[in-house]
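Analysis of the macromolecular model
Now for the letters of each chain:
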Amino acid sequence: MKFSDFGFVNTNNMLKNALVGGYAVPAFNFYNMETLTAIVSAARKTHSPVILAASESAIQYMGDDMLLGLMTGICASPSEQIALHLDHGHTLDACIHAIDLGFSSVMIDASNKSFEENIKLSHEVAKYAHRHNVSVEAELGILNGIEDKNTKSTKSSYTDPDAAAEFVKRTGIDSLAIAIGTSHGPYKCKTTDDKLRFDILKQIEKKIPDVPLVLHGASNVHQKFLDIINTYGGKLKDACGIDQAQLRRVAKTNICKINVDSDLRLAFTAAVRKTLKTDAGVFNPRDYLVPAIKYMTETCVYEITHKMYSKDKI
Ligand code: G3H
Ligand code: 13P
Ligand code: ZN
């Protein structure tokens, strides 16, 4: 399939527009009909461009055919600016597979490899992707936390601004994910710095002013969902995320794409836990999946309006 057959666009224009406009485009992770429904309806409610992000393990979970069916079901039109993006692809094969399926954008994450190996792999992906008009994100620097079975790190390293300039030049990628102190998952206080390193971000912006930057690990980890989860039998005691003010500041910089997964996982889980605990007679999954879609949609709308877009950009 070609991504245009689904009505998707690549991320080049949406990120360039965000760079010029001083806002960020959300990338929300999906892995089933419920997450996808929430993300797409929030984008439509807010008239926001959106990046539908699927990790390698999410693709495996859905299966190629089911994923393609879900994509057809969105009935996207190019004017809506919806991109389908591979999140944290770890190999050239994974990126080729996604592109051949109809993804409009891929991330090659070779950030755990040496600088030269990262350049080599990212460049190979860029060559293949660009032949198919697919946009490419790569990563330099290491985030803390668990992303998937392939990416688990306990030692972060900030992105080096000089290396970032060389990396972009030699790989030909379209956007760059950087490490400035965020981490993946809902336990950011243990692994994330109190304050994001805006000084490093500024230096990177100076070196590569025309390159859209990407922030991973950007969930707020909303207290209201932690409270619901913990009230109704969950045990997420030390969970915490990145504060709202810092993320709003980030969205006005050259960071043009902000990745959110954990916030939707928490919203989903909060709705399911609450429904099952408050009505012990519930056995129809739709009775807890409908509230889950509602909580996730509200979360996406909130994140888009309060975090990614400054009010005047909507
Ligand atoms: O940063 C990556 C995402 O949170 C994906 O996680 O591989 O469990 O789908 P996943
Ligand atoms: P969070 O775990 O903060 O939601 O980050 C998600 C992410 O970076 C997906 O690539
Ligand atoms: Zn990530």
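Here, every reference points to the structure presented above.
This section reports on the structure supplied with the text.

Before going further, it helps to examine the state of the cysteines. For the structure on display, the rule yields one disulfide. Across the disulfide, C189 is cross-linked to C240 (sulfur-sulfur distance 1.3 Å). The S-S bond linking C189 to C240 shows a torsion near 135°; that makes this disulfide right-handed. Of this pair, C189 sits in helix α8 (residues 188-191) while C240 is found in the loop between α10 (223-231) and α11 (244-251), placing the two residues 51 residues apart along the sequence. A residue is classified by how much of its surface remains accessible, and C189, at 51% relative accessible area, is exposed.

With respect to the element layout, H85 can be found in strand β3 (residues 82-89). With relative accessibility at 1%, the residue H85 sits in the buried group. Note: C-alpha distance between H85 and V134 (49 residues apart in sequence) is 9.5 Å. Setting aside residues up to four positions removed in sequence, H85 forms contacts with I51, L52, A53, A54, F103, S105, V106, M107, E137 and K257.

This part is about the packing of aromatic side chains. Following the criterion strictly, the structure yields three aromatic pairs and no others. Ring centres of F225 and Y295 lie 5.5 Å apart, and the angle between their planes is 35°; on these two criteria the pair is classed as tilted. Residue F225 is found in helix α10, and its partner Y295 is found in helix α13 (residues 285-308); the two are separated by 70 residues along the sequence. In this structure, F225 and Y295 share a single accessibility class: buried. Taking the ring centre of Y158 as reference, the NZ or CZ of R197 above it sits at 5.1 Å. One Lys or Arg, R249, reaches over the ring of F198 and ends 3.7 Å from the middle of that ring.

What follows covers helix α12 (residues 262-278). A turn of α-helix holds 3.6 residues, and therefore any two residues three or four places apart point the same way. For α12, built from 17 residues, the straight-helix expectation of 24 Å at 1.5 Å per residue is met to within 8% by its first-to-last C-alpha distance of 24 Å. Inspection of α12 places S262, D263, L264, L266, A267, F268, A270, A271, V272 and T275 among the buried residues, and these make up the whole buried set. Of the surrounding secondary structure, the elements contacted by the buried residues of α12 are β1 (25-29), α2 (33-46), α10, β10 (255-260) and α13.

We now examine the nonpolar core. Counting residues in hydrophobic clusters, the biggest one holds 94 residues, and the most contacted among them are F8, F30, L52, M71, V106 and L176. The dominant element in this core, judged by the number of residues it contributes, is α13, at nine residues. Among all residues touching F8, those that are not within four sequence positions of it are F3, L52, M71, I74, A76, I82, L84, G102 and S104. Counting residues in each nonpolar core, the second largest holds 11 residues, with A18, V25, A27 and C256 among its members.

On to the sheet that holds strand β5 (residues 135-140), then. Taking strand neighbours around the barrel as the criterion, the eight strands line up as β1-β2-β3-β4-β5-β8-β9-β10 in a closed arrangement whose pairing is parallel. Across the sheet, the mean angle separating the axes of adjacent strands is 25° when strand polarity is ignored. Together, β1, β2 (50-55) and β3 form the strand contacts of α2, whose direction differs from that of β2 by roughly 165°. In the packing of α13 onto the sheet, the strands contacted are β1 and β10, and the crossing angle to β1 comes to about 150°.

The contact between helix α5 (residues 92-101) and helix α6 (residues 115-131) brings their axes to 10 Å, and the two run at 20°. When the axis of α5 is compared with that of α6, the two are roughly parallel. When the axes of α5 and α6 are compared, the crossing they make is right-handed. Each of L92, C95, I96, I99 and D100 in α5 lies in contact with α6, whose residues at this interface are L121, E124, V125, Y128 and A129.

Our next topic: the site of ligand 2. The full set close to ligand 2 counts 14 residues, and D87, K188, S219, D261 and S262 are the nearest of them. A distance of 2.6 Å is found between an oxygen atom of ligand 2 and a side-chain nitrogen or oxygen belonging to K188. One of the backbone nitrogen or oxygen atoms of A218 is found 3.2 Å away from an oxygen atom of ligand 2. Secondary structure elements with two or more residues in the shell around ligand 2: β3 and β10. Looking at side-chain class alone, the shell around ligand 2 contains two nonpolar, nine polar and three charged residues.

With that settled, consider helix α1 (residues 12-21). All buried positions along α1 are accounted for by M14, L15, A18, L19 and G21. Among the structural elements, β1, β2, β3, β8 (175-178) and β10 are those in contact with the buried residues of α1. In the segment just after α1, G22 is the residue with positive phi, at about 70°.

Take the packing of α10 against α12 next. Interaxial distance between α10 and α12 falls to 9 Å at its minimum, and their mutual angle equals 35°. Note on packing geometry: the crossing formed by α10 with α12 is left-handed. Residues F225, L226, I228 and I229 of α10 pack against L266, A267, T269, A270, R273 and K274 of α12. For the contact of α10 with α12, the per-class residue count stands at seven nonpolar, one polar and two charged.

Conventions and cut-offs
- Residues numbered from 1 in each chain as written.
- Chains lettered and ligands numbered in written order.
- Predicted model: local features only at pLDDT ≥ 70, side-chain atom pairs only at ≥ 80, totals over all residues.
- Heavy atoms only, no water.
- Disulfide = S-S within 2.5 Å.
- Helix = DSSP H or I, 4+ residues; strand = E, 2+ residues; numbered from the N terminus.
- Buried < 20%, exposed > 50% of the residue type's maximum accessible area, 1.4 Å probe, protein only.
- Contact = heavy atoms within 4.5 Å.
- Phe/Tyr/Trp six-rings, centres within 6.5 Å; stacked < 30°, edge-to-face > 60°.
- Lys NZ or Arg CZ within 6 Å of the ring centre and 35° of its normal.
- Expected span 1.5 Å × (residues − 1).
- Core = buried A, V, L, I, M, F, W, Y, C linked by side-chain atoms within 4.5 Å.
- Pairing = 2+ DSSP bridges.
- Axes fitted to C-alpha atoms, helices over the stretch in contact; angles between N-to-C directions.
- Parallel < 35°, antiparallel > 145°, perpendicular 65-115°, else oblique.
- Left-handed = near helix turned anticlockwise from the far one by under 90°.
- Near = heavy atom within 4 Å.
- Polar contact = N/O pair within 3.5 Å; in protein donor to acceptor, adjacent residues only side chain to side chain.
- Nonpolar A, V, L, I, M, F, W, Y, C, P; charged D, E, K, R; others polar.

Honestly, that's just the spatial picture; any functional story needs more than this.
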